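The chain contents come next:
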Amino acid sequence: MHNNFPNLPQKQPSVKILLCHHKEAPYVKNECFVPIQVGKEISKVTLDYCIGDNTGDNISAKNKSWCELTALYWAWKNLDADYYGLMHYRRYLHFKKDDNNFYIINQISETEIENGGWDSENIKSFCSQYDIVTAPIWGIHPVGANHHLMTGYDFYAKEHYSKDLDIIIDIVKAKYPQFYFSLLDTLSNKHCFFGNIAIMKKEYFYEYCDFLFGVLFEAEKRIDISSYNAYQYRIWGFIAERLINCYVIYATNRYPKLKLTTLGITFGVFDKPKYDSRAILAHKAPTTKKLVREPINICMSFDDNYAAHGDAVITSMIQNTHPQQSIHIYILHDEKLSNKNKKIIKQAENQNIRIYYVKINKKQFNALPLNREYISLNTYYRLTIQDLLPDDIKKIIYLDSDIIVYGNIAELWEEPLDNMCVGAVLDEGGILQARRLSLPDTNYFNAGIMIFNLAQIRKEFSNIFINYFENYYKYKEIITLQDQDILNITYSQKTKIIPLRWNINSRMLEYNDLEYKYSMKDAEDALQNIGIIHYTDQKKPWRYSCNHPFRSLYWKYRLKGHYKKFSLHELLVWSVSKASIKVSQKHVSFKLRELEININKEIIRKVLHLLKVKY
């Protein structure tokens, strides 16, 4: 039969991609993107912009253990489309091109929609070219330990309970034998895609759901999860991540002409504490006049590279304590701290302030890693304090050298430890770090500011130094944060978590893409009563590129200290620190009062390189 309409455009497919929401967040909603409230049947909130997963044939009430799968089940049973997809409110496929990249956004506006390719016509056009689209294929490894690739089975066994996965394997082998080898392939592989994020053409989606829910409903009968904590209780979502990879491998083998591709992921980080750094600095609450009768013991460790910064820490601490407070400062060092710098720092002494230098044999630490550019061997020297300091010292506060003490250190000294070995503040990415190390709880702490209960440590450990090294060698392959990891492993469930105000990390002040345990309110409250500012990661205030909102505090106390002679680099950075800095993709904006200057990043880089200034 003759075709009278050779140029008639093909009908675009119907694409429905469910965006799973359990709380209010920015969203995209159009013909293809369908926000859905998961667990609506058991939720106390209603998200007006979402449809619910609790209509028709549904498993909405199972959401606490089935996670995003309650949305997937709802779509399978109640939604008609040519393509079905699943994404999360913070994880969107990036529809611009086939890639495995990772993008971060802090809002959803027309710009983000354009950059992500999230308009309906683009999505339908893209999907029509493929049968299955998945999230990017990445290596399987503990967070931050990219070098330590693991098989899918070993990683699941590390993060969850291998007995549950063994039951899944048995079910697939017995009831779904056509998928068995594909599952073995998946679990022996060291690469996969994560998050149950995928788009499938209708016939593949239905086949996948028959397999997935058939296996999981049977497993639900056999696995008792009543004693699992809230994280492990999400078992069926975790298992599904393995089964969807299994299905994709099966489908590519079963259907030779199947068209498969991957897309990058756009990750939304939408929460940031609300504060005004200028107002906080301008209206600082008066430093408390708390005075404790016993000397406050302080431990620090640095070399010549950090001597001026260490002096700024000491200066800030003294300036913010009672003038009659007795403070004993023990500085652990090796030959890289010169006599010249020792003498300069000693100038901080008075009738109440005493500084003692403790020489360390650094050879005993040579086996330990230095995998951060700004980390030196000094970070490990605190592991010896219980052996080097006199037995009559029962307690000591350890302070990093990239901090500023803005509150009265006597208040930190009097924080109750409740017979725990150490006191510390929750880390800015602690939940992920705790999982990497398989710690029994998520109280992973930042080790930059710690209270060591030396009396309790000596009581509980016959030789804590040996314990430190035993833990290092046991966890060597997954240790990425040096002594901080070693301390967290050693003092797991022996740590008193102290208020956030005593270690305000850099990521607490901005959009934080890591997973943390403290709440946004905790961070905001801490900023209204700052105890210690900690310039973590690369945000060192003596670096030209630093845009830390409290970088001026460092220079305030640096100028009050004993290193007033600045290098050319320091003069440049100090001058810039007075300005407000905003960094975009191509430019750096400097604003000082009414004057605002935008400079191309490449020009700045060339000038700094010419002046041999680190940035």
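What counts and what doesn't
- The numbering scheme is per chain: residues are counted from 1 as the chain's sequence reads.
- Given that this is a predicted model, residues contribute local features only at a pLDDT of at least 70 and side-chain atom pairs are listed and counted only at 80 or more, while totals for whole chains, interfaces and linings are drawn from all residues.
- Working from all heavy atoms in the structure, the side-chain values ignore hydrogens and water.
- Put simply, DSSP H or I for four residues or longer makes a helix, DSSP E for two residues or longer makes a strand, and each gets a number counted from the N terminus.
- We take the radius of gyration over the C-alpha atoms and set the globule estimate at 2.2 Å times the residue count to the 0.38 power.
- Exposure categories follow from relative accessible area, calculated using a 1.4 Å probe and restricted to protein chains: below 20% of the type maximum is buried, above 50% is exposed, and the middle band is partly exposed.
- It only takes one pair of heavy atoms within 4.5 Å for two residues to be counted as in contact.
- Computed by Shrake-Rupley with a 1.4 Å probe, the accessible areas treat only the displayed protein chains as cover when residues are assessed.
- Only four residue types enter the tally: Lys and Arg on the positive side, Asp and Glu on the negative side, with His and both chain ends excluded.
- Where a charge lies is defined by one atom per residue type: Lys uses NZ, Arg uses CZ, Asp uses CG and Glu uses CD.
- Exposure above 30% relative accessible area and the lack of any salt bridge qualify a residue for a patch; like charges then connect within 9 Å, and the nonpolar side chains Val, Leu, Ile, Met, Phe, Trp and Tyr within 5 Å.
- A pairing counts as a salt bridge when a side-chain nitrogen of Lys or Arg comes within 4 Å of a carboxyl oxygen of Asp or Glu.
- When DSSP finds two or more bridges between two strands, those strands count as paired.
- Grouping buried Ala, Val, Leu, Ile, Met, Phe, Trp, Tyr and Cys residues that are joined through side-chain atoms within 4.5 Å yields what is termed a nonpolar core.
- Structural elements are reduced to axes, namely lines fitted to C-alpha atoms, with helices fitted over the stretch in contact, and the angle between N-to-C directions of any two is expressed from 0 to 180 degrees.
- Take the number of residues in a helix, subtract one, and multiply by 1.5 Å to get its expected span.
- Polar contacts, as used here, are pairs of N or O atoms within 3.5 Å; protein pairs need one atom able to donate a hydrogen and one able to accept it. Residues neighboring in sequence count only if both atoms are side-chain atoms.
- An angle below 35 degrees is treated as roughly parallel, one above 145 as roughly antiparallel, one from 65 to 115 as roughly perpendicular, and anything else as oblique.
- The hand of a helix crossing depends on one turn: near helix anticlockwise from the far one by less than a right angle means left-handed, and clockwise means right-handed.
- Only centres within 6.5 Å qualify two rings of Phe, Tyr or Trp (six-membered ring in Trp) as a pair; their planes then separate them into stacked at under 30 degrees, edge-to-face at over 60, and tilted for everything else.

Caption draft 1: The arrangement of the overall build of the protein in detail. The secondary structure content of the protein amounts to 22 helices and 24 strands. Relative to the globule expectation of 25 Å for 615 residues, the C-alpha radius of gyration of the protein, 28 Å, shows essentially globular dimensions. Residues classed as buried in the protein amount to 55% of the 615 residues present. Restricting the contact set of the protein to residue pairs at least 6 apart, pairs at least 24 apart contribute 74%. Roughly 28,800 Å² of accessible area belongs to the protein as shown, and the carbon and sulfur atoms make up 50% of that amount. When the 79 basic and 68 acidic side-chain charges of the protein are each reduced to a single mean position, those positions are 6 Å apart.

Caption draft 2: Geometry of a nonpolar patch on the surface. A grouping of F102, I104 and W138 is seen on the molecular surface, where their side chains present a nonpolar patch of about 280 Å² in accessible area. Owing to a relative accessible area of 32%, W138 belongs among the partly exposed residues under this scheme.

Caption draft 3: Structural detail: the pairing of strand β4 (residues 83-88). Where burial is concerned, most of β4 is hidden: six out of the six residues are buried. Residues Y83, G85 and M87 line one face of β4 and the alternating positions Y84, L86 and H88 line the opposite face, and both faces are buried. As paired strands, strand β1 (residues 15-21) and β4 are joined by six bridges and run parallel to one another. Paired with L19 across the bridge in β4 is M87. Note: β4 against strand β10 (residues 198-201), four bridges, orientation antiparallel. Residue pairing in the sheet places Y84 in a bridge with M200 of β10.

Caption draft 4: Region of the structure containing the nonpolar core. Within the largest apolar cluster, 85 residues are counted, with the highest numbers of intra-cluster contacts made by F33, L93, F95, F213 and W236. The dominant element in this core, judged by the number of residues it contributes, is helix α9 (residues 235-254), at 12 residues. Residues within four places of F33 in sequence aside, it is in contact with I17, L19, V28, M87, Y92, F95, W118 and I123. I409, A410, L412 and I504 belong to the second largest nonpolar core, which has 62 residues in total.

Caption draft 5: Structural context of the sheet that holds strand β20 (residues 495-497). With mixed pairing, the seven strands of this open sheet are ordered in space as β15-β14-β13-β16-β19-β18-β20. On the outer flanks of this sheet lie β15 (353-359) and β20, each paired with one strand and no other. Neighbour-to-neighbour, the strand axes of the sheet open up by a mean angle of 25 degrees, direction not taken into account.

Caption draft 6: Region of the structure containing helix α6 (residues 162-175). Compared with an ideal rise of 1.5 Å per residue, which puts 14 residues at 20 Å, α6 spans 20 Å between its outermost C-alpha atoms and is within 8% of the ideal. Considering only its buried residues, α6 is in contact with α5 (152-159), α7 (180-188), α8 (202-222) and α9.

Caption draft 7: Structural view of the side chain of E428. With respect to the helices and strands, E428 occurs in the loop between β18 (422-426) and α15 (430-436). A polar atom in the side chain of E428 sits 3.4 Å from the side chain of T536. Aside from chain neighbours lying at most four places away, what touches E428 is N505, S506, R507, M508, N512, L514, Y516, Y518, T536 and D537.

Caption draft 8: The arrangement of the packing of α6 against α8 in detail. Put simply, α6 and α8 touch, their axes get as near as 10 Å, and they point 125 degrees apart. Looking at the two axes, α6 sits oblique to α8. Between α6 and α8 lies a crossing of right-handed hand. Contact residues: I167, I168, I171, V172 and K175 in α6; F211, V215, L216, E218, A219 and R222 in α8.

Caption draft 9: Highlighting the packing of aromatic side chains. Per the stated rule, a full pass over the model turns up 42 aromatic pairs. On the basis of an interplanar angle of 70 degrees and a centroid distance of 5.4 Å, the ring pair of Y204 and Y255 is categorised as edge-to-face. Of the two residues, Y204 is situated in helix α8 and Y255 in the loop between α9 and β11 (260-262); the sequence distance between them amounts to 51 residues. A relative accessible area of 11% means that Y204 is categorised as buried. Here Y208 and Y247 contribute two aromatic rings whose centre-to-centre distance is 5.5 Å and whose plane-to-plane angle is 45 degrees, an arrangement assigned as tilted. Of the two residues, Y208 is situated in helix α8 and Y247 in helix α9; the sequence distance between them amounts to 39 residues.

Caption draft 10: Spatial organisation of the environment of T252. Among the structural elements, T252 can be located in helix α9. For the pair formed by T252 and I132, sequence separation is 120 residues and the distance between their alpha carbons is 9.7 Å. Beyond its immediate chain neighbours, meaning those up to four positions away, T252 contacts L258 and L260.

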